[in-house]
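Spelled out, the chains give:
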Amino acid sequence: MFGYYLRLAMLSIKRNPILSALMVAAIAVGIGASMTTITVNYAMGSNPIPHKSEQLFAVQLDTWDPNQPFREPDTPPDQVTYLDATALMKMAPAAKQTAMTKTFQVIEPQGEDVIPFDALGRAAFGDFFSMFDTPFLYGNGWDRDSDDSLAMVTVLSKETNEKVFGGENSVGKFIRIGGKDYRVVGVLDDWNPIPKFYDVTNGPFNDSEDFYIPFNLVASLELPRSGNTNCWKPSNEDGYQGFLNSECVWIQFWAELPTESEQEEYLNFLNSYATQQKELGRFPRPLNNRINNVMQWMDQQGVVQDGAKVVMWLSIMFLLVCLLNTIGLLLTKFTTKSGEIGLRRALGASKSTLFVQHLIEAGIIGLMGGLLGLFLAMGGLQGIAMLFGNDVKDLVSLDTTMVATAIGLAIVSALLAGLYPTWRACSIQPAVQLKTQ
Amino acid sequence: MEIKPILSALSRNKTGALLIALQIALTMTIIVNSVFMIQHRQGQMDRESGINEADTFILSYMGFAEDYNEKTQLIEDLNFIRELPGVVDAVQTNSAPLTGGGWSMSLATETGPDADDVGTAIYFVDDHGVNAFGVNLIAGRNFTADEIIWRERTSTKWPGQGVITKALAADLFEDDWQSALGKTVYISETQPINIVGIIDKMQAPWNGWSGVERTLLVPSYTEFGGARIFIRTEPGERDRLMTEIEEQLVANYKGRLIRRVRSMEEVRTDSYRSHNGMNTILKTLIICLTVVTALGIVGLASFSVNRRKKQIGTRRALGARKLDILRYFMVENFLITTFGVVLGAVMTIGLNMVLVDMLDLPKIDWYYIPAGMAVLWFIGLMAVFGPAKKACQISPALATRSV
C-alpha cells in the first residue's frame, strides 16, 4: 500500500506544480535559514574533548581589586598571576596540572634562502600533552625533569614541522626560535580543538599554536608574551621581575581531577592557599575561588556569542512562519481535492487510509523541502564564511549530525504542518461533497 | 461598509484568518526587531575614528637578529620614511583606532587607590603623532621633541605630559572639557601627567568599548622588540608607498621581519566585519521573510476565494458588483491584518525586551512600531489584491449551476 500511496502522492504533487513548488520552497527556505544558524551555534557550543571534558578543570583565583569584581556578577579573573601559577604548580594536589601562556617569536629555518617567519607558541608544562590528549606524529612531549631543569626543548605543530623540516621526522634536531636553539622532542599531528577551550581568553576560535616550549623558560629567558594581560594594581618594581611579582593576570591554569574527591580536595586547597595569602596582604576580595570543567568553562566565558544565539532564534521564528505558510498552502491544496476525497470515501476508503495517504504526501513535500533546504544551508554557511572570514572558518561545516538534524527537522515540520490540513480534508462528509458536484 | 457580515463570516472560518494573522504578527516581530538591530549596528559603524583613514596605513615589524638595535633602527626608519616623497608624516605607535588591540589605563584627578578613575586608551607617540594621525588639536599644544621618553616593555614609568581627547577631558572634569587644559591627572595611582593639549576626536582601538572616545596620547618611543609605524601619505600615494616602503625597509635592514602592512581602510573593514556580516544576515532574513509571508497570504486568500466560489456567484447573481466583491476581500483582509499587526506590536516589544537583556541593545524607538505596522498592512493588502481580483471574475452563473 505504501508504494501505491507514494505514487498517488507524486501524482498529486505533479498536478499542482506551482502550489507544490511553493510549499517545497517555503520549507526549504525555512530549513535553510535555521540550519545555517543552528550549525554555527552548534559548532560554537560543541564539546571539544568529549571523553575528558568532565575531568579537566580551569582554575580561577579571585586576586582582583577589592573595589570591583573582575567581571559582573562577582566573577573571578579568567587567568591567574605568575606568583599563584608557580605556587599552585608546586603545591596544589593534582596528579596533572599546567600553567600556560602565549608567546610570540620568530622562527629562523636553516639554509640560505629560507625566510624567517613569525610564529605563535604556547609555553606550558610537560603534562599539557597528556592532559589534553594531543595526538603525536613523531616523538612525545617533554617530561617533568625538563620542566624543572629549564631544558631547551620544543614540540612543533605538524604545519611548522612541514615548513621547517619538510615534514620529516625532526625529533632530535634543532630549531631556532627567537634567536635560541631548541631541541625538537615531538611533532603533533593535526590538532585544532573547536572551541579552543584551553585558552578562550585569547580567542575561542583561534587556531592552535605553531610550537610548544616549557613554561619556566618564559621567566628565565624573559620571553616576549603575546596573550591578554590584565592588571588592577600598579606593580611595585620595574623590570621583568617586577612584572612577574605583580598582580597582573596573564596565565591560563588547568588541572586534571578525575574524581569528585580530588575536585573537592583541590578546591579546599585553593581556599586555604588564598586564606594564607590574605595574611600576606594579597587576595583582598572575599574568598571566591572556582574550578570549572570544560563545558562549565565554555558557558561561564560566553563562548557561544549572544549575537549568534539571537540570530538563531530569529531564524527559528522564520521557520515557524514558513510552516504556518505550508499549513495554509496545504489547506488550499487539499480543499481542491475534496471532490476526489469524497468520491473515495463513498467508494469505501476509510478515513484512516486517506489520512495516511495525505500524510505521506505532506511527508514527501517535507523531504524535498529538507533536501533543498540542506543545499541552501550549505550555501548559507559559505556565505557566512565569506562574510565573517577567518574567525568562523571552523564553524561552517555540516557534519552528519547536522545533516540528519536538517532532514529530520524538515520531515517533522512538514508532518506537523500537514496534520491539520489532512484532518480537515479527511473529515469531509462524502454525501454532502458528492451532492454539490 | 459590510463589516458586520464579514466578521460573522470570519468567525465561522477562523483557521485561515488565524493563520494569516499569526504569520503577519511573527513577520512583523522579526522584521521590526531586525531593522532596529541593523540600524543600531549601522550607527556604530558610521562613527568616525577621528583620524585620517583615507591616506594612511600601518606597518609593523619585529626584530630578530643578534645585531638588531631597537633604538637606532627605529630612529633611522622614521627619518627614512619621513623623507620619502609622497609621505606627509609618520609616527611610531603601539596601536591605532579600530585595530582591536591596545593599551588601557585608568586616570584619576586625585592620587591613591580609592580615587574615582576613568579608563582610557593609550597611544605612545612622538611629536609627529598629531600630524601623522591627522587629528585636530583644539586646545593647548603638541609634544616637543625633548619630551619623548624611551619605554621598555615592562617599564612602569610614565612621561609627565599628555594630550587627551575632548571626550576624555569631559569625563575627567565633569563635562567641562576646556578646564582640563594645564591640569594634572594621575596614572598608575600616583604618577602625575600634565595635560598639555586637547584633541577633538580620536577613538580607542576597541570599537565595542563603551569608552571608545576616551584616548590619551603620551610622548614615548616603545622598545617592545619591534615597531609599529603609522604612515600618512599625500592623497592617492598610499598604495604605491605601501609596497615601496615595505620593500625599502627590508632592503635597508634584513634583521627584522615585516609582519603586516595594512591600510586603515582594511583595518576598518576587518574591525566591523562581524557588524557587517550580521547586518547582511538580517537583511537576507528580512527579504526572505517578506516574500514567504506575501506568498502565504496569496495562497490562503486563494484558498478562501476557492471555498466561497458559490457564495460569490450567488452574491453576484443577487446584484453585487465586481467592485463589491473586491472590496469584500480587501476589507476582510484588512481586518485580519489589523489583528495581526496589533498582536505583532505586542510581540515586537516583547522580543525587544529580550534583546535588550541579551545584547545590551537600547530599547526600541516608538516610531518603529507604527512604521512596522504600516509596512505589514501594505504587504497584506498587496498580497490579497490578486486573489481578490480573481474573485471578482467569478461569474454569477456559477451560483445557478447546482444546489
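Here the structure is a predicted model, which is why all the values come from computation and not from measurement.

## Re the domain arrangement of chain A
Residues and elements named next belong to chain A.
Next up, step 1: The domain architecture assigned to chain A consists of domain 1 (2–45 + 305–435) and domain 2 (56–300).
Next up, step 2: Of note, the centres of domain 1 and domain 2, computed from C-alpha atoms alone, are 49 Å apart.
Next up, step 3: Facing eight residues of domain 1, the contacting portion of domain 2 comprises six residues.
Next up, step 4: For the pairing of domain 1 and domain 2, the buried interface totals around 550 Å² over both sides, and the portion due to carbon and sulfur atoms is 52%.
Next up, step 5: One can count zero salt bridges joining domain 1 with domain 2.
Next up, step 6: The interface formed by domain 1 and domain 2 contains zero residue pairs in polar contact (both at pLDDT 80 or more).
Next up, step 7: The class makeup of the residues in the side of domain 1 that touches domain 2 is three nonpolar, two polar and three charged.

## Focus: the nonpolar core
Next up, step 1: If you look at the biggest cluster of nonpolar residues, it comprises 63 residues, and the most contacted ones within it are Leu 314 and Phe 318 of chain A together with Met 28, Ile 30, Met 37, Ile 312 and Phe 329 of chain B.
Next up, step 2: Every element with two or more residues in this core is listed here: helix H11 (306–336) of chain A together with helix H1 (3–12), helix H2 (14–45), helix H8 (273–307), helix H10 (322–359) and helix H11 (368–392) of chain B.
Next up, step 3: When near neighbours in sequence (up to four residues on either side) are disregarded, Met 28 of chain B contacts Asn 33, Val 341, Gly 344, Ala 345, Thr 348, Ile 369, Gly 372, Met 373 and Leu 376 of chain B.
Next up, step 4: Residues Ile 107, Phe 117, Ala 119 and Leu 270 of chain A belong to the second largest nonpolar core, which totals 47 residues.

## Here we look at unusual backbone geometry
All names here are of chain A.
Next up, step 1: The omega torsion across Glu 72 and Pro 73 is -5 degrees, close enough to zero to call that bond cis.
Next up, step 2: In this fold, Pro 73 is placed in the loop between strand S1 (56–60) and helix H3 (82–91).
Next up, step 3: Note the cis peptide between Ile 194 and Pro 195, where omega equals -10 degrees.
Next up, step 4: Its location among the elements puts Pro 195 in the loop between strand S7 (180–188) and strand S8 (211–214).
Next up, step 5: Of note in the backbone geometry, Asp 74 takes a positive phi value of approximately 50 degrees without being a glycine.
Next up, step 6: By the element assignment, Asp 74 lies in the loop between S1 and H3.
Next up, step 7: One non-glycine residue, Asp 133, adopts positive backbone phi at about 55 degrees.
Next up, step 8: Along the chain, the position of Asp 133 falls in the loop between helix H4 (128–131) and strand S4 (136–139).

## Digging into the state of the cysteines
All names here are of chain A.
Next up, step 1: Overall, the coordinates contain one disulfide over all chains when judged by the stated rule.
Next up, step 2: Each disulfide pairs two cysteine sulfurs, and for Cys 231 the partner residue is Cys 248, the sulfurs being separated by 2.1 Å. Measuring the twist about the S-S bond at about 105 degrees, one finds the Cys 231-Cys 248 disulfide to be right-handed. Of the two residues, Cys 231 is situated in the loop between helix H7 (216–220) and helix H8 (239–244) and Cys 248 in the loop between H8 and strand S9 (252–256); the sequence distance between them amounts to 17 residues.
Next up, step 3: By relative accessible area, which is 42% here, Cys 231 ends up partly exposed.

## Focus: the UniProt feature "domain: ABC3 transporter permease C-terminal" (unreviewed entry) in chain B
Next up, step 1: Following the UniProt record, one finds the feature "domain: ABC3 transporter permease C-terminal" (unreviewed entry) at residues 285–396 of chain B.
Next up, step 2: Helix makes up 85% of residues 285–396 of chain B and strand 0%, with an end-to-end C-alpha separation of 43 Å.

## Structural notes on the packing of helix H13 (residues 351–388) of chain A against helix H14 (residues 400–426) of chain A
Residue and element names in this part refer to chain A.
Next up, step 1: Interaxial distance between H13 and H14 falls to 7 Å at its minimum, and their mutual angle equals 145 degrees. The two elements H13 and H14 meet at a crossing, and its hand is right-handed. From H13, Lys 351, Leu 354, Phe 355, His 358, Leu 359, Ala 362, Gly 363, Gly 366, Leu 367, Gly 370, Leu 371 and Leu 374 reach across to H14, where they touch Val 403, Ala 406, Ile 407, Ala 410, Ile 411, Ala 414, Leu 415, Gly 418, Leu 419, Thr 422, Trp 423 and Cys 426.
Next up, step 2: By residue class, the composition of the contact of H13 with H14 is 17 nonpolar, six polar and one charged.

## Topic: the packing of H2 of chain B against H8 of chain B
The packing of two helices is summarised by the inter-axis angle and the distance between the axes.
All names here are of chain B.
Next up, step 1: Between H2 and H8, the shortest axis-to-axis distance is 9 Å and the interhelical angle comes to 160 degrees. Judged on the interaxial angle alone, H8 and H2 are roughly antiparallel. Relative to H8, the crossing made by H2 is left-handed.
Next up, step 2: The class makeup of the residues in the contact of H2 with H8 is 17 nonpolar, twelve polar and two charged.

## Looking at the UniProt feature "transmembrane region" (unreviewed entry) in chain B
Next up, step 1: UniProt records the feature "transmembrane region" (unreviewed entry) at residues 16–38, 281–305, 326–354 and 366–385 of chain B, using the numbering of this structure.
Next up, step 2: With 100% helix and 0% strand, residues 281–305 of chain B has its two end C-alpha atoms placed 36 Å apart.

## Re the domain arrangement of chain B
Frequently, the measure chosen for interface size is the accessible area removed from exposure when the parts meet.
Next up, step 1: What the domain assignment reports for chain B is domain 1 (3–46 + 273–401) and domain 2 (65–254).
Next up, step 2: Taking only C-alpha atoms into account, the centre of domain 1 of chain B sits 55 Å from that of domain 2 of chain B.

## Details of the interface of chain B and chain A
Next up, step 1: Taken residue by residue, the interface counts 50 residues in chain B and 52 residues in chain A.
Next up, step 2: Contact between chain B and chain A buries roughly 4100 Å² in total, counting both sides, with carbon and sulfur atoms accounting for 74%.
Next up, step 3: On the chain B side of the interface with chain A, the three residues burying the most area are Phe 64, Thr 154 and Phe 303 of chain B, jointly 14% of the side's total.
Next up, step 4: At the boundary of chain B and chain A, one finds two salt bridges.
Next up, step 5: Arg 176 of chain A is paired through a salt bridge with Glu 66 of chain B; the nearest N and O atoms lie 3.3 Å apart.
Next up, step 6: At the boundary of chain B with chain A, the tally comes to five residue pairs in polar contact (both at pLDDT 80 or more).
Next up, step 7: Elements with a contribution of two residues or more to the side of chain B that touches chain A: H2, strand S12 (256–263), H8 and H10 of chain B.
Next up, step 8: For the side of chain B that touches chain A, the leading source of residues is H8 of chain B, giving 19 residues.
Next up, step 9: Across the side of chain B that touches chain A, the residue classes break down as 23 nonpolar, 18 polar and nine charged.

## A short note on H13 of chain A
Next up, step 1: Taking 1.5 Å per residue as the helical rise, H13 of chain A with its 38 residues ought to reach 56 Å, and the 52 Å between its terminal C-alpha atoms agrees with that figure.
Next up, step 2: Of the residues one or two after H13 of chain A, Gly 389 of chain A is the one with positive phi, at around 65 degrees.

## Points about the pattern of salt bridges
When the charged atoms of two side chains with opposite charge come close together, those side chains can pair.
Next up, step 1: Per the stated rule, a full pass over the model turns up 35 salt bridges over all chains.
Next up, step 2: The partner of Glu 108 of chain A in a salt bridge is Arg 176 of chain A, and the shortest N-O contact between them spans 3.8 Å. Note that Glu 108 of chain A is positioned in strand S2 (residues 96–108) and Arg 176 of chain A in strand S6 (residues 174–177), a separation of 68 residues in sequence.
Next up, step 3: Exposure remark for Arg 176 of chain A: the relative accessible area of 25% places this residue in the partly exposed category.
Next up, step 4: Arg 273 of chain B is the salt-bridge partner of Asp 270 of chain B, the closest N and O atoms lying 2.9 Å from each other.
Next up, step 5: Overall, the relative accessible area of 33% leaves Asp 270 of chain B in the partly exposed class.
Next up, step 6: In this structure Arg 273 of chain B comes out as partly exposed when scored by relative accessible area, which is 28%.
Next up, step 7: Linked through salt bridges whose partners overlap, the residues forming this network are Glu 108, Arg 176 and Asp 181 of chain A together with Glu 66 of chain B.

## Structural notes on the packing of aromatic side chains
All names here are of chain A.
Next up, step 1: Under the definition given, this model contains 39 aromatic pairs over all chains.
Next up, step 2: Look at Trp 191 and Tyr 198: their rings are 5.4 Å apart centre to centre, the planes differ by 5 degrees, and that puts the pair in the stacked class.
Next up, step 3: In this structure Trp 191 comes out as buried when scored by relative accessible area, which is 14%.
Next up, step 4: For Tyr 198, a relative accessible area of 1% translates into the label buried.

## Quick notes on a nonpolar patch on the surface
Residues and elements named next belong to chain B.
Next up, step 1: There is a patch of nonpolar side chains on the surface, built from Leu 18, Leu 22, Phe 339 and Leu 343 and spanning about 340 Å² of accessible area.
Next up, step 2: Within the element layout of this structure, Phe 339 appears in helix H10.
Next up, step 3: The partly exposed category is assigned to Phe 339, whose relative accessible area is 48%.

## Brief notes about the environment of Met 28 of chain B
Residues and elements named next belong to chain B.
Next up, step 1: Checked against the element boundaries, Met 28 lands in helix H2.
Next up, step 2: According to the relative accessible area criterion, Met 28 is buried, its value standing at 0%.
Next up, step 3: Here the alpha-carbon distance between Met 28 and Asp 360, two residues 332 residues apart in the chain, equals 22 Å.

Cut-offs and rules
Residues numbered from 1 in each chain as written. Chains lettered and ligands numbered in written order. Predicted model: local features only at pLDDT ≥ 70, side-chain atom pairs only at ≥ 80, totals over all residues. Heavy atoms only, no water. Domains from an automatic or database assignment. Contact = heavy atoms within 4.5 Å. Buried area = accessible area lost by both parts, 1.4 Å probe. Salt bridge = Lys/Arg side-chain N within 4 Å of Asp/Glu carboxyl O. Polar contact = N/O pair within 3.5 Å; in protein donor to acceptor, adjacent residues only side chain to side chain. Nonpolar A, V, L, I, M, F, W, Y, C, P; charged D, E, K, R; others polar. Core = buried A, V, L, I, M, F, W, Y, C linked by side-chain atoms within 4.5 Å. Buried < 20%, exposed > 50% of the residue type's maximum accessible area, 1.4 Å probe, protein only. Helix = DSSP H or I, 4+ residues; strand = E, 2+ residues; numbered from the N terminus. Disulfide = S-S within 2.5 Å. UniProt positions renumbered as here; feature names shortened; annotations may be inferred. Axes fitted to C-alpha atoms, helices over the stretch in contact; angles between N-to-C directions. Left-handed = near helix turned anticlockwise from the far one by under 90°. Parallel < 35°, antiparallel > 145°, perpendicular 65-115°, else oblique. Expected span 1.5 Å × (residues − 1). Phe/Tyr/Trp six-rings, centres within 6.5 Å; stacked < 30°, edge-to-face > 60°. Patch = residues over 30% accessible without salt bridge, like charges linked within 9 Å, V, L, I, M, F, W, Y side chains within 5 Å. Areas by Shrake-Rupley, 256 points an atom, 1.4 Å probe, with all protein chains shown as cover.

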